[in-house]
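# Coordinate inspection notes
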Amino acid sequence: MILINLISLSLLYYLKKSSGAQEFPERLHRYFKYGMIAAGVLIALGISNAPPEILFELLSFVLVGAVIYLMLNTPELVYLKTLAITPLPIVGVKLLEYLVRTISPAIFEIVENYLDAAGVFAFIWAVTMWLNHRKQMKEIEIERIITKEQERQLRQTEEQKSQLELLVAERTSEILSQKEELQHALDHLRATQEQLIQQEKLASLGQLTAGIAHEIKNPLNFVNNFSELSADFLHEISEEMPKIPDSPEKENILDLLENIKSNLAKIRHHGSRADSIVRSMLMHSRGGTGTMDPTDLNALIREYSNLAFHGMRANPNPINVDIQLSLDENLPKIKLNSEDFSRVILNLVKNAFDAMREKLSAKNPEYKAKVEIRTRDLGDKVLIEVEDNGPGVPDQIRDKLLMPFFTTKKGTEGTGLGLSITHDIIKSHEGTLEIKSEEGKFTCFSILLPKSTE
Amino acid sequence: MKILVVDDERDVEALFRQKFRKEIRNEGLELLFAFSGKEALEILEKNNPPQVASVFSDINMPGMSGLEMLDIIKDRFPQLRVNMISAYGDADNYRKAMRSGARGFYTKPVDFESLRREIGEILRS
Ligand SMILES: [Mg+2]
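Residues numbered from 1 in each chain as written. Chains lettered and ligands numbered in written order. Predicted model: local features only at pLDDT ≥ 70, side-chain atom pairs only at ≥ 80, totals over all residues. Heavy atoms only, no water.

Residue and element names in this part refer to chain B. Of the protein atoms, only Asp8 (OD), Asp58 (OD) and Asn60 (O) coordinate the magnesium ion, at distances of 2.2 to 2.4 Å. Along the chain, the residues donating to the magnesium ion are arranged with the sequence spacing D-x49-D-x1-N. Of the two residues, Asp8 sits in the loop between strand E1 (2-6) and helix H1 (11-19) while Asp58 sits in strand E3 (residues 54-58), which places them 50 residues apart along the sequence. Taking relative accessible area as the criterion, Asp8 reaches 28% and is therefore assigned partly exposed. (Donors = N, O, S within 2.8 Å, 3.2 Å for Na, K, Ca; no water. Helix = DSSP H or I, 4+ residues; strand = E, 2+ residues; numbered from the N terminus. Buried < 20%, exposed > 50% of the residue type's maximum accessible area, 1.4 Å probe, protein only.)

Set out below in structure tokens:
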């Protein structure tokens with residue numbers, strides 16, 4: 001009987017010990033504990049031979065049966081199947097022995113030898129099974145180690161993979177930002193290239209213009225010189241004419257001479273028109289000369305707007321204009337090529353006069369022509385605005401306004417170079433020119449010049 | 001008094017003859033014309049010293065330019081007064097002409113009043 005309980009105890013002890021690696025649920029631990037206590041109690045009872053022995057013996061078989069049942073029917077313990085069936089023949093033989101002895105001690109005497117032999121076989125079976133179990137356990141352990149190693153490698157791979165992914169993501173974003181930078185640089189390059197082409201075109205246009213201007217200048221000089229000469233001769237002739245007696249023929253001659261005189265005046269007028277175009281063209285194509293000196297911009301504006309006004313008054317078709325100057329008196333001196341920049345002021349103011357003359361001739365009695373010139377210190381830049389309340393500029397031609405040879409002025413007025421030259425000069429000062437306008441209301445030319453820090 | 005005018009434009013002759021009509025008629029001015037530097041040098045070399053009081057020459061001419069001609073004239077006839085006339089009123093041509101010994105420098109379109117003063121001066125000297 002002690003043997004049975006020892007089997008229970010050692011099975012439970014083994015189970016409890018092997019739980020370290022396997023992590024059995026709490027329920028099983030409780031079973032192990034109570035089972036071991038029960039086995040211990042039964043062993044103590046067995047040693048003391050306390051009655052009723054038969055009941056304790058039965059309980060011992062129930063306990064070992066319960067332990068084996070537990071081992072065979074609990075999913076967590078299924079791997080211990082071999083161990084569970086190891087003591088089974090011993091328990092069976094002992095149970096049979098117990099039953100036979102309890103029911104009929106006489107029969108027991110007869111079969112005792114057989115039972116002993118069965119006990120030996122059961123023991124051999126148990127040893128075999130035990131060895132088998134040990135082998136299985138080793139295999140399981142090796143498998144467990146292999147699995148563990150595989151898991152470790154898997155985890156490592158997983159880790160490396162996530163590290164790699166992180167690296168890839170990092171690189172990808174780096175490459176993306178580089179791509180963006182490159183795209184930006186490429187765009188910039190393209191824009192610069194376009195500008196260069198444009199400048200190249202303008203430069204060759206400039207050379208062409210200069211060439212044409214020079215070629216035209218000589219014949220034009222002849223036209224002007226000979227028409228002047230002829231006018232002089234006509235003057236001499238008209239001085240001589242009174243010496244000839246009056247006659248119908250003389251009348252006719254005087255009449256014809258009068259026509260020639262007016263024709264010559266026209267030739268002279270158009271000749272000087274062409275001459276001023278040629279001169280503008282030459283001015284336009286000439287390279288930048290002159291130096292940039294600190295200049296009192298307000299004084300320059302006062303002087304040249306005044307000059308533009310008096311020039312306009314002295315020329316054909318003068319108009320009445322109210323010129324208002326609102327100049328920022330705290331403006332510091334600006335580095336300018338004052339010779340060039342005075343042309344900017346002259347051109348813009350003259351342009352305003354011409355635009356307003358157009359509106360005036362549209363016979364609007366309410367209309368009073370007004371030009372306002374403003375300067376303002378914007379910190380790192382200086383703003384210069386020339387605003388007129390003339391007819392304004394339609395949107396569709398605003399962009400063309402700064403192109404060479406583009407003019408809205410009718411007939412004999414403009415060369416189409418004034419604003420183009422103005423723009424070139426502003427650009428050579430690293431400034432910008434912007435045109436704001438509302439048709440019928442106003443046109444405002446805004447110049448932004450950088451303040452030099454020197 | 002002879003004055004030589006050098007210009008590749010043939011109409012310069014008509015222009016000068018008409019402009020200085022009075023001087024030619026009344027003050028003994030005689031205008032000679034050459035239409036290239038080479039032709040001008042031929043005229044000058046007919047007599048030594050040349051019978052010409054002064055030369056007025058264009059700069060921009062095909063073949064020999066006015067400035068090249070000026071150097072040759074100044075080399076052979078250092079006393080001869082040479083005035084340059086140029087459509088290119090640029091500082092570079094002006095400097096070159098003056099360094100080569102030109103007496104005056106006129107830009108086109110020619111201011112005939114100052115030219116008349118200069119010629120008047122030559123006529124009186
Ligand atoms: Mg020429």
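Residue and element names in this part refer to chain A. A contiguous patch of positive charge, built from Lys16, Arg27, Arg30 and Lys33, is present on the exposed surface. With three residues, helix H2 (residues 26-48) is the largest single contributor of residues to the positive patch. Within the secondary structure, Arg30 sits in helix H2. Classification of Arg30 as partly exposed rests on a relative accessible area of 39%. (Patch = residues over 30% accessible without salt bridge, like charges linked within 9 Å, V, L, I, M, F, W, Y side chains within 5 Å. Areas by Shrake-Rupley, 256 points an atom, 1.4 Å probe, with all protein chains shown as cover. Salt bridge = Lys/Arg side-chain N within 4 Å of Asp/Glu carboxyl O. Lys, Arg positive; Asp, Glu negative; His and termini not counted. Charge placed at Lys NZ, Arg CZ, Asp CG, Glu CD.)

Let's shift gears to the environment of B:Phe105. As for its placement among the helices and strands, B:Phe105 is situated in strand E5 (residues 104-107). Sequence spacing of B:Phe105 and B:Ser57 is 48 residues, and the spatial spacing of their C-alpha atoms is 9.6 Å.

When the UniProt feature table is mapped to this numbering, "modified residue: 4-aspartylphosphate" (unreviewed entry) covers B:Asp58. Leaving out residues up to four positions away in the same chain, B:Asp58 has contacts with B:Val6, B:Asp7, B:Asp8, B:Gly66, B:Met84, B:Ile85 and B:Lys108. (UniProt positions renumbered as here; feature names shortened; annotations may be inferred. Contact = heavy atoms within 4.5 Å.)

Moving on, we come to the sheet that holds E5(B). Residue and element names in this part refer to chain B. Taken in spatial order, the five strands line up as E2-E1-E3-E4-E5 in an open sheet, and their pairing is parallel. Of all the strands in the sheet, the pair left with one neighbour each is strand E2 (30-34) and E5. Ignoring strand direction, the axes of neighbouring strands in this sheet form an average angle of 20°. Across four bridges, the pairing between strand E4 (residues 81-86) and E5 is parallel. Bridge pairing in E5 places Ile85 opposite Tyr106. The strands touched by helix H5 (residues 91-99) are E4 and E5; relative to E5, the strand with the most contacts, the crossing angle is about 155°. (Pairing = 2+ DSSP bridges. Axes fitted to C-alpha atoms, helices over the stretch in contact; angles between N-to-C directions.)

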